[in-house]
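# Observations on chain architecture
Here are the chains, one letter per residue:
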Amino acid sequence: MTANDWISSYLEAILDVDSGISEKNSKSSLLLRERGRFSPAQYFVEEVITGFNETDLHRSWARASSIRNSEERNTRLENMSWRIWTLARKKKQIETEETQRKAKKKLDRESARREATVDMPEDVIEGEKGDVVGEISPRSDSIRGKFPRVSSMETMANLASPHSNKKLYLVLISLHGLIRGEDMELGRDSDTGGQVKYVVELARALGSMPGVYRVDLLTRQILSPDVHWTYGEPIEMLNPVSSPNYLHEIGEGGGAYIIRIPFGPKDKYLSKETLWPHIPEFVDGALSHILQMSKVLGKQIGSDQPLWPIAIHGHYADAGNSAALLSGALNVPMIFTGHSLGRDKLEQLLKQGRQSREEINSAYKIMRRIEAEEITLDASEVIITSTKQEIEEQWRLYDGFDPVLERKLRARIKNNLSCYGRFMPRMVVIPPGMEFRNVSQDAELDGEAEGNGDTPATPDPPIWAEIMRFFTNPRKPMILALARPDPKKNLITLVKAFGESRALRDLANLTLIMGNRDVIDDMSSTNSSVLLSILKLIDNYDLYGQVAYPKHHKQSDVADIYRLAAKTKGVFINPAFIEPFGLTLIEAAARGLPIVATKNGGPVDIHRVLDNGMLVDPHDQQSIADALLKLVADKQLWARCRDNGLKNIHLFSWPEHCKAYLARVISCKQRQPRWQTNDSDQVDSDNDSPGNSLRDIKDLSLSLKLSLDGDKNEGVGNLVLEGREKSIDTKELVKSFPLKFSPSESMDKPENSRLPSLSSRKFIFVIALDLDSLADMLEVTKIISEAGRSDNCFKNVGFILSTSWSMSEINHSLEKVGLKSSYFDAFICSSGSEIYYPEQNAAESHYMIDPDYQTHIDYRWGGESLRNSLLRWSAAVNDKAKGNGESIITELDSKSYHCYRFRIQDQSLVPPVREIRRWMRIHALRCYPVYCKNSETINVIPILASRAQALRYLHVRWGIDLSNVVVFMGECGGSDYEGLHGGLHRTVILKGYCLESRKIHTNRNYPLEHVVPTDNPRSVECEKFDKDGIKAALAKLSVLKG
């Protein structure tokens, strides 16, 4: 070919027949043709490649076009055209697949909702529409719509008075990004943004509230040379707000602190996508801190018991997953705030068509993030959102939440009706607050300060000069955008709107505050691509002298930047494709700036309250330009919007937020570790969770001794259930356990000879292999036990057997392999749903179940109603596989109240564990299914139970040092395998064991590599499994000094 005429012809044809091109763009294209400047190649690059966000492709096209050799240029352009065509085809394919997937998911959800409500009569009231705490509207006449202006000390005291007589300890968690109390480096990277500012200010504000004794904000300790040394400080006190009109004068002395927990590589700053394998290590470190702090605070307030956190609040998916584990280990309520949600991000990325679902998962670990958010729905008492839109359009994408079913369950709770083992967290809208201590609403906003001879001149902030040096005419109104150079922030569309509007360019300047940068090449590829695109647009539209884009600013400069924009009678704009809330809109309004904001997300609610600007479609470039032009040109409209914002802005104060926040936290059903609970001090709160509508056994006083001789039910007395007595057959509780039960004294008595000796052990070996043969597992246990007792190297070593088998099955087989129960300090049985302690001095095999653990994990356990649902599910699976002649799934006698067990005949005909979890969540059944014994068995246990969580419970209950725990595992294991990896404990992986279990993990939402740490210094492999091999592995872990 001597030319690329065929390319232009092909692209011309696309323009003529493509129905996807909007009418507006079509008209624009015709105008370009009439002017004789139309280039099909340029149009295709701008419209198609920009849609894919393929900046690199754009660069390649530009380089190819500039080649002088016509033959080479034409060859490259031909290849580029085919590449673009392939991308377009791929995008269409992805869109089709996603449409089909969404349709199927909708049908599944509707079917599940019908099944979930089959036992619930329709004559019950649907319930409240929504739970919007402190819903604010300046146009409402209700008390709820009018909040007092927070300007006096008396008002502040009245706001917080309901909690002033309490001593509250709150734990907040935010893991990723760079977090410190002062000079926050917002915009340094995609992980250090608005969430960092939010959690720091929330902690500071809560620490100043009366009744709040202490607030701990837990984050990661970073000792990397690439970041400031302050991020490596273990503790940082958040200075209380210094305003005389704020709450610190009436708050408690404890205050708020940033606590940095070391986890992951000490010398590396990790992005949030790479934190997942290190979450267990954080949880163990945070658990130790909370235990120690609770004891210290208890002594400080004069109590003989620890001051447990009233709630643990996770922010974002990684911290939410951590909060769920900590909440389960401590048995305290959990709160969650998503900030942004994984499913919503996945939908947005798929719409772009640039990447497939698998590619997105690989880049962003998005499926692990979504699973963490599903876990928060399982474990949270309350989920705090910023807007109704977040509930109705984002959370409803999740399997574990359905607004209709949630309202039905809440209505049944209100009417004292059973929820049949189904539970939903409470969704609460509490808009974020902001600090007003640095906000001055003075005459300067009107420009009246200029030329006022009575007012001494004050020097302009340095950041003003840094911005104004870009402008030819710095006195023009300033259009201000403050966001990271991230594609979802939509800054490219903003620059295009400004560049193509001659009227807007004549009337205003544009300021882009896009974080901090030194060298563009050092930025992330995504951010640098957006920034380079903006710089090219500035050059293309010749916007020099009209656009400012400073490289650096401090967090303390942000208020001055807003003031400068207001001084010039400018406008603040947030053009993001979707904005979860929009805290910058509130900050701008507080400085007297009218706003133009996206109509997608939180700005809708903010605009409804403040009425200080305009909402636009972020995809409509002309709409953005028109809105900006209208506010800049119409001075009366500008003044009206400014006044409205200033009048209503205090509805978004931190005191208002904290008041609603504490009211919601206090109303949660309070839970504490049972063995240290003082019933007289329990908070008498309303039952706010559907989770307690079906508590078959709420207080299980089951301190029992199990003996090998005697009848099954001999010695079983009446069990006390929450103020009333009810005779319960042992079969109902432990399903025909072949052992004798008899009442026993409390384990807390120091004279009790059966008190576990775990806390006195120097090391504890935990055998946690998941083998399909109990005899094989006990043989492995015997070898490890003999190695641990072979010489004086292992003095004072304790042993725990952690398994999916039941206690009766273990007890039946122990002596067959020459093991005695007295060799062990504890047994974690039935996948972590039971803990037993053997009597060390007994002549026979006697065991005692841990009654506190039974009560501990009873949270949201559906009991018999859950079992009935599982039986219906198994029947449906069996019906689907009728042609095989036998049942695929059959129920087994688990001999446990907190474990339902099913045998699998053919794994290929049974849904994978992810599908079972999805089915349970859609039906609002909060439990934890575990595939174990090489996929031969499914154990369904409480959501707070697992083998890993049982170890943390022993740490809390008996004070064992997790860093002195050695867990022996196979190369693979059941579906709970990942939970046993990581953490502070040491790990010995026995090579060649449990390899058959890999098939359990072949159909996961995310690969094990995303969550299992590599190069873990606390993990070693045991190549040769015998006494010498075990000793060699332990020597590598510094357990044995060889």
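The coordinates are above.
In this text, all values refer to a predicted model and were calculated from it rather than measured experimentally.

### Description of the overall build of the chain
In terms of regular secondary structure, the chain is built from 32 helices and 30 strands. Looking at the chain as a whole, 59% of its 1042 residues qualify as buried. Relative to all contacts within the chain whose residues are 6 or more apart in sequence, the contacts with residues 24 or more apart total 74%. Counting every atom, the chain has about 42500 Å² of accessible surface; 48% of that belongs to carbon and sulfur.

### Focus on the packing of helix 29 (residues 863–880) against helix 30 (residues 913–922)
Two numbers describe how helix 29 lies on helix 30: the axes approach to 12 Å, and their chain directions differ by 130°. With respect to their mutual orientation, helix 29 and helix 30 come out oblique. Between helix 29 and helix 30 lies a crossing of right-handed hand. Between helix 29 and helix 30, the contacting residues are Ser869, Leu870 and Trp873 on the first element and Ile916, Trp919 and Met920 on the second.

### Remarks on the packing of aromatic side chains
Under the counting rule described, the total for this entry stands at 15 aromatic pairs. Look at Tyr562 and Phe572: their rings are 5.8 Å apart centre to centre, the planes differ by 65°, and that puts the pair in the edge-to-face class. In this pair, Tyr562 sits in helix 19 (residues 558–567) while Phe572 sits in strand 12 (residues 571–574), placing the two residues 10 residues apart along the sequence. Consider the rings of Tyr837 and Trp958, whose centres lie 5.9 Å apart with planes at 90°: the pair is edge-to-face. A residue pair is termed long-range when its members are at least 10 positions apart, and Tyr837 in strand 22 (residues 834–838) and Trp958 in helix 31 (residues 947–958) qualify at 121 residues. By relative accessible area, which is 11% here, Trp958 ends up buried. Here the aromatic cluster, defined as three or more aromatic residues joined through ring pairs, consists of Phe336, Trp395 and Tyr398. Seen from the ring of Trp958, Arg957 lies directly overhead, with NZ or CZ sitting 4.2 Å from the centre.

### Overview of the environment of Ser111
The residue Ser111 is located in helix 5 (residues 70–116) in this model. Taking the C-alpha atoms as reference, Ser111 lies 9.7 Å from His923; in sequence the two are 812 residues apart.

### What about the packing of helix 7 (residues 194–207) against helix 24 (residues 654–667)?
Contact pair helix 7 / helix 24: the axes reach a minimum separation of 10 Å and the direction vectors enclose 75°. What the angle tells us is that helix 7 and helix 24 run roughly perpendicular. Contact residues: Tyr198, Glu201, Leu202, Ala205 and Leu206 in helix 7; Trp654, His657, Cys658, Tyr661 and Leu662 in helix 24. The class makeup of the residues in the contact of helix 7 with helix 24 is eight nonpolar, one polar and one charged.

### Concerning the nonpolar core
In terms of nonpolar packing, the biggest core is built from 98 residues, with Ile173, Phe282 and Leu954 touching the most fellow members. A per-element tally of this core places helix 8 (residues 279–300) first, with nine residues. Met478, Leu537, Leu564 and Leu610 belong to the second largest nonpolar core, which has 68 residues in total.

### Regarding the sheet that holds strand 14 (residues 613–616)
Neighbouring strands of a sheet are bound in pairs by backbone hydrogen bonds; such pairs are parallel or else antiparallel. Sheet architecture is open: six strands sit in the order 11-10-9-12-13-14, paired in parallel fashion. Both outer strands of the open sheet, strand 11 (547–548) and strand 14, are each paired with one neighbouring strand and no more. Across four bridges, the pairing between strand 13 (residues 595–598) and strand 14 is parallel. Bridged to Val596 within strand 14 is Met614. Across the face of the sheet, helix 19 comes into contact with strand 9 (478–482), strand 10 (509–513) and strand 12 while running at roughly 155° to strand 9.

### Points about the sheet that holds strand 27 (residues 937–942)
Spatially, four strands are ordered 24-25-27-26 in an open sheet, and the strand pairing comes out antiparallel. Looking at which strands have only one partner, the edges of the open sheet turn out to be strand 24 (889–892) and strand 26 (927–932). Looking at each pair of strands side by side, their axes are set apart by 25° on average, direction ignored. Along the sheet face, helix 29 touches strand 24, strand 25 (900–904), strand 26 and strand 27 and points at about 15° away from the line of strand 25.

### Focus: the pattern of salt bridges
Tallying each qualifying case throughout the model produces 39 salt bridges. Put simply, Arg918 and Asp399 hold a salt bridge, and the shortest N to O gap is 3.4 Å. Taken together, the residues span a long stretch of sequence, with Arg918 in helix 30 and Asp399 in the loop between helix 13 (388–394) and helix 14 (403–414) at a distance of 519 residues. In this pair, the class of Arg918 matches that of Asp399, namely buried. Here Arg901 ties to Glu809 by a salt bridge, and the two come within 3.2 Å at their closest N and O atoms. Of this pair, Arg901 sits in strand 25 while Glu809 sits in helix 27 (residues 807–814), and the two are 92 residues apart along the sequence. Classification of Arg901 as buried rests on a relative accessible area of 2%. Through salt bridges with shared partners, one network takes in Arg343, Glu374, Asp399 and Arg918.

### Thoughts on unusual backbone geometry
Despite not being glycine, Arg860 has its phi angle at roughly 60°, a positive value. Residue position: Arg860 is located in the loop between helix 28 (851–856) and helix 29. Positive phi values are uncommon outside glycine, yet Asn934 reaches one of about 60°.

### Considerations on helix 14
In a regular helix each residue adds 1.5 Å, so 12 residues correspond to 16 Å; helix 14 covers 16 Å between its end C-alpha atoms and thus fits that length. Counted residue by residue, helix 14 has nine buried out of 12 residues, so it is predominantly covered. Within helix 14, the full set of buried residues consists of Pro403, Leu405, Glu406, Lys408, Leu409, Arg410, Ala411, Arg412 and Ile413. For helix 14, the N-terminal cap is Asp402; the gap from its side-chain oxygen to the backbone nitrogen of Val404 is 3.1 Å.

### Quick word on the pairing of strand 10
Taken across its five residues, strand 10 has five buried, putting it largely inside the fold. Where burial is concerned, the two faces of strand 10 agree: the one with Asn509, Thr511 and Ile513 and the one with Leu510 and Leu512 are both buried. Relative to strand 10, strand 9 is paired through five bridges, and the arrangement is parallel. Residue Met478 lies in a different strand from strand 10, and its bridge partner there is Asn509. Of the pairings in the sheet, the one linking strand 10 to strand 11 comprises two bridges and is parallel in character. Bridge pairing in strand 11 links Leu510 to Val547. Since strand 10 and strand 11 lie parallel, the crossover through helix 18 (residues 525–540) that links them has a hand, and here it is right-handed.

### Things to note about the side chain of Ser896
In this fold, Ser896 is placed in the loop between strand 24 and strand 25. Here His898 takes part through its backbone nitrogen, which lies 3.2 Å from a polar atom of the side chain of Ser896.

### Concerning the side chain of Ser946
Note on placement: Ser946 falls in the loop between strand 27 and helix 31. Taking the relative accessible area as the measure of exposure, Ser946 reaches 10% and is therefore buried. A polar atom in the side chain of Ser946 sits 3.0 Å from the backbone nitrogen of Gln949. Among residues more than four places away in sequence, those in contact with Ser946 are Ser831, Gly832, Tyr853, Tyr928 and Ile941.

The rules behind these values
Residues numbered from 1 in each chain as written. Predicted model: local features only at pLDDT ≥ 70, side-chain atom pairs only at ≥ 80, totals over all residues. Heavy atoms only, no water. Helix = DSSP H or I, 4+ residues; strand = E, 2+ residues; numbered from the N terminus. Buried < 20%, exposed > 50% of the residue type's maximum accessible area, 1.4 Å probe, protein only. Contact = heavy atoms within 4.5 Å. Areas by Shrake-Rupley, 256 points an atom, 1.4 Å probe, with all protein chains shown as cover. Axes fitted to C-alpha atoms, helices over the stretch in contact; angles between N-to-C directions. Parallel < 35°, antiparallel > 145°, perpendicular 65-115°, else oblique. Left-handed = near helix turned anticlockwise from the far one by under 90°. Phe/Tyr/Trp six-rings, centres within 6.5 Å; stacked < 30°, edge-to-face > 60°. Lys NZ or Arg CZ within 6 Å of the ring centre and 35° of its normal. Nonpolar A, V, L, I, M, F, W, Y, C, P; charged D, E, K, R; others polar. Core = buried A, V, L, I, M, F, W, Y, C linked by side-chain atoms within 4.5 Å. Pairing = 2+ DSSP bridges. Salt bridge = Lys/Arg side-chain N within 4 Å of Asp/Glu carboxyl O. Expected span 1.5 Å × (residues − 1). Polar contact = N/O pair within 3.5 Å; in protein donor to acceptor, adjacent residues only side chain to side chain. Right-handed = clockwise from strand over helix to strand, strands pointing away.

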